[in-house]
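So the chains spell out like this:
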There are 2 protein chains.
Amino acid sequence: MAQSDTVDRILDAAEELFAERGFSETSLRMITGKAGVNLAAVNYHFGSKKSLIQAVFARFLTPFCTALEEAFDRLEAESAPEPPCLESVLRVLTSTLVEMPRQHDRSIAIYMRLQGLAYTQSQGHLRRFLESEYSHTFGRFMRLLKNATPELSAVERYWRNQFVLGATAFTLSSSDALTEILWNKLGVDTPIEEIVDQLVPFLASGMQAHTVAYGNTKESDSGV
Amino acid sequence: MAQSDTVDRILDAAEELFAERGFSETSLRMITGKAGVNLAAVNYHFGSKKSLIQAVFARFLTPFCTALEEAFDRLEAESAPEPPCLESVLRVLTSTLVEMPRQHDRSIAIYMRLQGLAYTQSQGHLRRFLESEYSHTFGRFMRLLKNATPELSAVERYWRNQFVLGATAFTLSSSDALTEILWNKLGVDTPIEEIVDQLVPFLASGMQAHTVAYGNTKESDSGV
DNA sequence: TTGTGTTTCAAACGTATGTTTCAAACAATT
DNA sequence: AATTGTTTGAAACATACGTTTGAAACACAA
């Protein structure tokens, strides 16, 4: 039990520090200091700083992907034989995202910010790790989006998906700060559920924006 | 002439390395090595690494904001007495963004990625520097957005603005990587102008998505 | 040419990083 | 109680970083 305690303390501290400072800017001494454990414990339990970073992601991404797959199962069962509509797919994603950290008594902002960092900070090893571990769930989400927007070409859908991910990751990762700014400006408080309620229609409407024609787009094989 | 040459070589190298690796992951030795100048030259000409980072941003952000203000002037003159519509405001922003680096014979992706990093990487000194130098232009952009979406409540507009910034910063900052992924998947290349052409309708449509009614939203004073 | 202010250069400085070491403490089994 | 395998602890390691130094090279006016 002593081991699991040290491991968890390190993961807790690392999670928080990584989220608020980034990976390179967070030293192992900060982490072990905050966790109240010996410096060598990180290399003993995790092997290296890189492995620790991956472990932080695995601890919340694995249960999240499990929950998301289950939610997708329910969604597809409900709407069968039709594929689920765009807005319902987006809502399943965001509400699973919002529910997950609540069960673990943590702020969602931490996970969102970590997710954002995974995209932003170069960290080649992290990108490779995430791709090898969670590409299945991610691929399923992409497939659901595809079936919900059959009118889009593959290229259009790809970029609009990136816009969706960007708006989501950016907003939710800074949601605490943004909520506070709005409070100072207008005296209005926005709980995370309400942010999501604003976000989903925005994204759905953006995804279904009218297509623009381009010179070098082959209209013929838009089905790929 | 020798000075200005060294200064520019450092700025060129720093710009490129910062864009592809981030600030903390780029050492002064990498920069001076790539620039072909002595290590001490950075501290001699710029004083510190922080000042160098700010100088990199100032070199492209100052002319960009000048160009943007002029473009806003033209836009407001054209559409007077009506305020410019949402899509035209967004397009003026993005097209100025696309035109700027072309005049300096540089890849736009570098500046996009730098702009994204400015949001993402914490770097308190950079945020303070950008705010003190360029808040005027940013404020004007926000005011144009407000006048282009009079139907939105202040709270709605605030959050949708964040969605817009998030999708833009996220996508454009990773545009190279995302373009490469799409190339590997579909064999399609997307120049930056085309990404922007996809982005603008997405954002405009999202900003104008139909409003949802909330229980605790006061409908009466939506004009604040 | 001499003198003066500026710019370059190799080398070093002090500090912080990730990692390793090895002895001590601990937990559990025999 | 003795022995084993596991976990902690303080200290040191090697390396990389941003920055400073002081002498040499340079540009250019007097």
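Trainee: What is the right way to look at the environment of His210 of chain B in this model?
Mentor: As for its position among the elements, His210 of chain B is in the segment after helix H10 (192-207). Taking C-alpha positions, His210 of chain B is 34 Å from Leu186 of chain B, a pair spaced 24 residues apart along the chain. With near-sequence residues (within four places) excluded, His210 of chain B lies in contact with Pro201 of chain A together with Arg160 of chain B.

Trainee: What is the right way to look at the relation of the copies chain B and chain A in this model?
Mentor: Mapping chain B onto chain A calls for a rotation angle of 178° and an axial translation of 0.4 Å; the resulting RMSD is 0.9 Å. Overall, the copies show the geometry of a two-fold rotation axis. For chain B, the minimum C-alpha distance to the rotation axis belongs to Ala167 of chain B and amounts to 1.7 Å. Same-surface contact between copies: 96% of interface residues of chain B are shared with the interface of chain A.

Trainee: Explanation requested: unusual backbone geometry in the structure shown.
Mentor: For residues besides glycine, phi is generally negative; the peptide bonds are generally trans as well. Backbone torsion omega between Ala80 of chain A and Pro81 of chain A reads 5°, so that peptide bond is classified as cis. For Pro81 of chain A, the position within the fold is in the loop between helix H4 (49-79) and helix H5 (86-103).

Trainee: I would appreciate a short explanation of the protein's contact with DNA strand C in the present structure.
Mentor: Not every one of the 17 residues close to DNA strand C is listed here, only the nearest: Leu28, Arg29 and Lys49 of chain A together with Thr6 and His45 of chain B. Considering the 4 Å shell around the protein, atoms of DNA strand C inside it are sugar or phosphate in 50% of instances. One nitrogen or oxygen atom from the side chain of Asn43 of chain A is found 3.3 Å from a phosphate oxygen belonging to DNA strand C. For DNA strand C, a base nitrogen lies 3.4 Å from a polar atom in the side chain of Asn38 of chain B. Secondary structure elements with two or more residues in the surface near DNA strand C: helix H2 (28-35) and helix H3 (40-46) of chain A together with helix H1 (2-21) and helix H3 (40-45) of chain B. Here the surface near DNA strand C is built from residues that sort into six nonpolar, eight polar and three charged.

Trainee: I would appreciate a short explanation of the packing of aromatic side chains in the present structure.
Mentor: The relative placement of two aromatic rings is captured by the distance of their centres and the angle of their planes. Applying the stated rule across the entire model yields 17 aromatic pairs over all chains. Aromatic pair Phe163 of chain A and Phe202 of chain B: ring centres 5.1 Å apart, planes at 65°, arrangement edge-to-face. Note that Phe163 of chain A is positioned in helix H8 (residues 154-173) and Phe202 of chain B in helix H10, a pairing that runs across two chains. A relative accessible area of 0% means that Phe202 of chain B is categorised as buried. Judged by centre distance (6.5 Å) and plane angle (80°), the rings of Phe202 of chain A and Phe202 of chain B are edge-to-face. Linking Phe202 of chain A in helix H10 (residues 192-207) with Phe202 of chain B in helix H10, this pair reaches from one chain into another.

Trainee: Is there a simple way to think about the packing of helix H9 (residues 175-186) of chain A against helix H8 (residues 154-173) of chain B in this case?
Mentor: The description of two helices packed together rests on the angle between their axes and the distance between the axes. Interaxial distance between H9 of chain A and H8 of chain B falls to 11 Å at its minimum, and their mutual angle equals 150°. For the element pair H9 of chain A / H8 of chain B, the angle class is roughly antiparallel. Considering only the axes of H9 of chain A and H8 of chain B, their crossing is right-handed. Listed contacts from H8 of chain B to Ser175, Leu178, Thr179, Ile181, Leu182, Lys185 and Leu186 of chain A of H9 of chain A are Ala154, Val155, Tyr158, Trp159 and Gln162 of chain B. Here the residues of the contact of H9 of chain A with H8 of chain B sort into eight nonpolar, three polar and one charged.

Trainee: Hey, could you run me through the pattern of salt bridges in this one?
Mentor: Once their charged atoms are close, side chains differing in charge can pair, the charge on each being opposite to the other. Evaluation of the coordinates by the stated rule reveals 16 salt bridges over all chains. Between Glu76 of chain A and Arg140 of chain A there is a salt bridge, with its nearest N and O atoms 2.9 Å apart. Of the two residues, Glu76 of chain A is situated in helix H4 and Arg140 of chain A in helix H7 (residues 124-148); the sequence distance between them amounts to 64 residues. Relative accessible area serves as the criterion here: at 34%, Glu76 of chain A is assigned to the partly exposed category. Accessibility expressed as a relative area gives 12% for Arg140 of chain A, which makes it buried. Taking the shortest distance from any N to any O, the salt bridge between Asp73 of chain B and Arg140 of chain B comes out at 2.7 Å. Residue Asp73 of chain B is found in helix H4 (residues 49-79), and its partner Arg140 of chain B is found in helix H7 (residues 124-148); the two are separated by 67 residues along the sequence. For Asp73 of chain B, a relative accessible area of 43% translates into the label partly exposed. Several salt bridges converge on common partners, so that one network encompasses Asp8, Asp12, Glu15 and Arg59 of chain A.

Trainee: Quick question: what am I supposed to make of the protein's contact with DNA strand D here?
Mentor: Looking at DNA strand D, there are 17 residues lining it, with Thr6 and His45 of chain A together with Leu28, Arg29 and Lys49 of chain B nearest. Between DNA strand D and Ser27 of chain B, the relevant distance is 3.3 Å, taken from a phosphate oxygen to a side-chain nitrogen or oxygen of the residue. Between DNA strand D and the protein, one listed contact pairs a phosphate oxygen with a side-chain N or O atom of Lys49 of chain B at 2.7 Å. Of all the elements in the fold, those that place two or more residues in the surface near DNA strand D are helix H1 (2-21) and H3 of chain A together with helix H2 (28-35) and H3 of chain B. The class makeup of the residues in the surface near DNA strand D is six nonpolar, eight polar and three charged.

Trainee: Just to check I follow, could you spell out the interface of chain B and chain A for this structure?
Mentor: Quoted interface sizes are often the accessible area lost when the parts come together. With 50 residues of chain B in contact, the opposing surface of chain A contributes 49 residues. Carbon and sulfur atoms make up 67% of the surface buried where chain B meets chain A, a total of about 4,400 Å² over both sides. When the buried surface of chain B facing chain A is broken down by residue, Trp159, Phe163 and Phe202 of chain B rank first, second and third, together holding 18% of it. Applying the counting rule to chain B against chain A returns zero salt bridges. Viewed at the interface, chain A and chain B are joined by seven residue pairs in polar contact (both at pLDDT 80 or more). Those elements that provide at least two residues to the side of chain B that touches chain A are helix H6 (108-120), H8, helix H9 (175-186) and H10 of chain B. The leading source of residues in the side of chain B that touches chain A is H8 of chain B, at 14 residues.

Trainee: Is there a simple way to think about the nonpolar core in this case?
Mentor: Where a protein is soluble and globular, its nonpolar side chains tend to be buried together. Membership of the largest hydrophobic core comes to 139 residues, with the highest contact counts inside it found for Leu52 and Phe57 of chain A together with Leu52 and Phe57 of chain B. Here Phe57 of chain A is in contact with Phe23, Leu114, Gln115, Ala118, Leu126, Leu130 and Tyr134 of chain A, once residues within four sequence places are set aside.

Trainee: So what exactly am I meant to see when it comes to H2 of chain A here?
Mentor: Note that an α-helix has 3.6 residues per turn; residues three or four places apart therefore point the same way. Residues and elements named next belong to chain A. Taken together, the buried positions of H2 are occupied by Leu28, Ile31, Thr32 and Ala35. Mapping the buried residues of H2 onto a view down its axis gives an arc of 90°, with all of them on the same face. Looking at H2, the residues exposed on the side facing more than 90 degrees away from the buried face are Arg29 and Gly33. Just beyond H2, the residue with positive phi is Gly36, at close to 70°.

Reading guide: rules and limits
Residues numbered from 1 in each chain as written. Chains lettered and ligands numbered in written order. Predicted model: local features only at pLDDT ≥ 70, side-chain atom pairs only at ≥ 80, totals over all residues. Heavy atoms only, no water. Helix = DSSP H or I, 4+ residues; strand = E, 2+ residues; numbered from the N terminus. Contact = heavy atoms within 4.5 Å. Least-squares fit on C-alpha atoms with pLDDT ≥ 70 in both. Near = heavy atom within 4 Å. Polar contact = N/O pair within 3.5 Å; in protein donor to acceptor, adjacent residues only side chain to side chain. Nonpolar A, V, L, I, M, F, W, Y, C, P; charged D, E, K, R; others polar. Phe/Tyr/Trp six-rings, centres within 6.5 Å; stacked < 30°, edge-to-face > 60°. Buried < 20%, exposed > 50% of the residue type's maximum accessible area, 1.4 Å probe, protein only. Axes fitted to C-alpha atoms, helices over the stretch in contact; angles between N-to-C directions. Parallel < 35°, antiparallel > 145°, perpendicular 65-115°, else oblique. Left-handed = near helix turned anticlockwise from the far one by under 90°. Salt bridge = Lys/Arg side-chain N within 4 Å of Asp/Glu carboxyl O. Buried area = accessible area lost by both parts, 1.4 Å probe. Core = buried A, V, L, I, M, F, W, Y, C linked by side-chain atoms within 4.5 Å. Arc of directions from axis to C-beta.

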